[in-house]
Structure formats: C-alpha cells, structure tokens
Amino acid sequence: SSPFGPGRGFEPAQILAMSSILQRVIFDADDLRLSDGGLLANYFERWHKANLELFAITSGDPEENAAALRKAGLEQYCEEVLSLSTPTQFASIGSLLYDKLKRDGWVPREQLVIFRSPQALLSIWREDSGGARRCTLGHTVRFPDHIENGLSKQLLDEVDDRVTNCSAKLTTHCFLGAHQGQS
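K.L.:
Outline the pattern of salt bridges, supporting the account with residue identities and numerical values.
P.N.:
Tallied over the entire structure, the rule returns 10 salt bridges. Its salt-bridge partner being Asp160, residue Arg46 comes within 2.4 Å of it at the nearest N-O pair. Separated by 114 residues along the polypeptide, Arg46 in helix H2 (residues 37-49) and Asp160 in helix H6 (residues 153-164) bring together distant segments of the chain. Accessibility expressed as a relative area gives 27% for Arg46, which makes it partly exposed. Two residues, Glu75 and Arg70, come together in a salt bridge whose shortest N-O distance is 2.8 Å. Assessed through its relative accessible area of 28%, Glu75 is described here as partly exposed. Using a relative accessible area of 46% as the deciding quantity, one classes Arg70 as partly exposed. Several salt bridges share partner residues, and in doing so they unite Glu158, Asp161 and Arg162 into one network.

In structure tokens form, the structure reads like this:
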C-alpha cells in the first residue's frame with residue numbers, strides 16, 4: 001500500500017526518479033548482446049525517462065560500438081560510448097572512472113557499473129598497481145560468466161531493482177546468478 005503504487009498518479013519513471021540517487025548507469029558495450037535490443041530497450045527507455053545517463057564502455061572503437069547500438073535501436077538512450085583506448089588510453093575501467101571523478105565530478109555512489117568481467121569490476125576497488133583505491137568508484141553488478149544467450153528478463157529485472165534501490169551513503173556490489181532457474 002505504497003503511496004507510489006498503481007493508480008496513485010505517478011508514472012513508473014517518476015517513481016524511479018524519486019526513489020534513486022543514481023545519476024548514471026555504465027555498461028560493457030563489448031559484452032552486451034545487442035540481438036536483445038528490444039528487451040534492452042524497455043529498460044534503457046525506462047532509465048532514460050527517469051533522467052539516468054546511460055554510458056557504454058568499450059575497449060575498442062567507440063564509433064563501431066555507437067553504430068552497433070544504433071542498429072539495435074539503443075543509441076538514442078545512451079549519452080556516450082566511452083573507450084578505454086581512444087582518444088586516451090586507460091588501463092582499466094576503474095582508471096577511466098577515476099578520470100571522470102577528477103575531471104567531471106562523477107560521484108561514485110551516483111553510478112551503477114554493470115559488467116560480467118570480474119577483472120573489470122575489481123578495478124573499481126583496486127588501483128591498476130594492485131593497491132586498494134581510496135574509495136570504491138561506483139555501485140557494481142556482475143553477471144555470471146556462463147550466460148551465453150544475452151541477458152534474460154529475470155536478470156534485467158534484478159538490475160532494475162538495483163537501479164531503483166541503490167544506497168545513498170555506501171556503494172554496494174551485487175553478483176547476479178541463478179540456481180535451478182531461480183535468481
């Protein structure tokens with residue numbers, strides 16, 4: 001019986017905007033199954049309407065990834081495709097996010113980083129030299145390595161829950177997995 005429930009005069013995007021302190025969702029463009037564009041578009045559109053900035057990160061050419069997102073109908077929801085190699089070389093996602101923190105004031109607790117790679121997410125907590133960072137560079141969600149057919153609606157619903165319920169004070173980490181069909 002929440003005042004934000006159905007029939008209470010609030011649209012889902014408004015509810016999302018009121019309940020989340022997130023400013024941006026950052027995802028791995030190289031690992032995203034763009035054949036799931038229709039399913040992904042539902043979530044990307046919802047997050048975009050809630051004024052969340054969506055950023056794709058690639059280790060390669062950002063123009064190629066932007067073209068792939070465009071072909072899948074997802075580019076319209078993304079602010080930018082960031083590259084670890086062009087125009088500036090970054091050793092890791094953590095290095096790129098640290099640069100964004102210094103240059104653009106990206107606040108770690110205002111961003112959710114969604115990746116499958118444990119090494120990529122480790123760079124959120126650790127310097128490229130291996131030492132601990134002074135702060136974690138964002139909330140993180142990691143998907144299991146064994147997912148081969150793209151993200152299921154069930155897993156995207158779990159990410160959506162993280163998007164709407166991130167902590168305002170501390171960064172959090174979540175590993176999404178399934179056992180016997182249950183997440």
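K.L.:
Can you tell me about the packing of aromatic side chains, naming the residues and giving the values?
P.N.:
Between two aromatic rings, the relevant description is the distance of the centres plus the angle of the planes. With the rule as written, the count across this model stands at four aromatic pairs. Judged by centre distance (5.1 Å) and plane angle (45 degrees), the ring pair of Phe27 and Phe44 falls under tilted. Here the residue Phe27 occupies a position in strand S1 (residues 24-28), and Phe44 occupies one in helix H2, the gap between them amounting to 17 residues. Phe44 shares its class with Phe27; the two are buried. Taken together, a centroid distance of 4.9 Å and an interplanar angle of 55 degrees make the contact between Phe55 and Trp106 tilted.

K.L.:
Can you break down the environment of Leu176 residue by residue, with the values?
P.N.:
You can see Leu176 is positioned in the segment after strand S6 (173-175). Overall, the relative accessible area of 4% leaves Leu176 in the buried class. Separated by 17 residues in the primary sequence, Leu176 and Val159 place their C-alpha atoms 8.5 Å from one another. Here Leu176 is in contact with Val141, Arg142, Phe143, Pro144, Leu155, Glu158, Val159 and Arg162, once residues within four sequence places are set aside.

K.L.:
Give me the lowdown on helix H3 (residues 62-71), citing residues and values where you can.
P.N.:
Because an α-helix packs 3.6 residues into every turn, residues spaced three or four apart end up facing the same way. Every buried residue belonging to H3 is among Pro62, Asn65, Ala66 and Leu69, and all of these are buried. End-on view of H3: buried residues confined to an arc of 100 degrees, all on one side of the axis. The exposed residues of H3 that point more than 90 degrees off its buried face are Glu63, Glu64 and Lys71. Tucked into the core, H3 has its buried residues touching strand S2 (53-58) and strand S3 (78-83). The backbone nitrogen of Glu63 has a side-chain oxygen 2.9 Å away, supplied by the residue at the start of H3, namely Asp61.

K.L.:
Any chance you could break down the layout of surface pockets for me, citing the residues and the numbers?
P.N.:
When its volume is computed, the largest pocket comes out at roughly 230 Å³. Every residue along the wall of the largest pocket is listed here: Glu80, Val81, Leu82, Ser83, Thr86, Pro87, Thr88, Phe90, Leu96, Asp99, Lys100 and Arg103. Mapped onto the lining of the largest pocket, the elements with two or more residues apiece are S3 and helix H4 (93-104). Residue composition of the lining of the largest pocket, by class: five nonpolar, three polar and four charged.

What counts and what doesn't
- The written sequence of each chain sets the order in which its residues are numbered from 1.
- The predicted origin of the model limits local features to residues at a pLDDT of at least 70 and limits the giving and counting of side-chain atom pairs to 80 or more, whereas totals for whole chains, interfaces and linings rest on all residues.
- Side-chain numbers here rest on the full set of heavy atoms in the structure, without hydrogens or water.
- A carboxyl oxygen of Asp or Glu within 4 Å of a side-chain nitrogen of Lys or Arg is what we treat as a salt bridge.
- Secondary structure follows DSSP: runs of H or I at least 4 residues long count as helices, runs of E at least 2 residues long count as strands, and numbering of each begins at the N terminus.
- Buried residues are those whose accessible area, probed at 1.4 Å on protein chains only, stays under 20% of the maximum for their type, while exposed residues exceed 50% and partly exposed ones sit between those limits.
- Ring pairs are drawn from Phe, Tyr and Trp, using the six-membered ring of Trp, whenever the two centres fall within 6.5 Å, and their geometry is named by plane angle: stacked under 30 degrees, edge-to-face over 60, tilted for the rest.
- We call two residues in contact whenever any of their non-hydrogen atoms come within 4.5 Å of each other.
- By construction, the arc corresponds to the directions joining the helix axis to the C-beta atoms.
- We define a polar contact as two N or O atoms separated by no more than 3.5 Å, with the added condition that, inside protein, one atom must be a possible hydrogen donor and the other a possible acceptor, whereas residues neighbouring each other in sequence contribute only through side-chain atom pairs.
- The definitions used throughout rest on a 1 Å grid laid over the protein atoms alone, on which a cavity is an enclosed set of points accommodating a 1.4 Å probe that cannot get out and a pocket is an open set flanked by protein within 12 Å on both sides along at least five of seven lines; lining residues are those having an atom within 4 Å of a point.
- Grid points are joined across faces, edges and corners, and a volume is the space filled by probe spheres set on the points.
- Each residue is assigned to one class: nonpolar for Ala, Val, Leu, Ile, Met, Phe, Trp, Tyr, Cys and Pro, charged for Asp, Glu, Lys and Arg, and polar for all the others, Gly among them.

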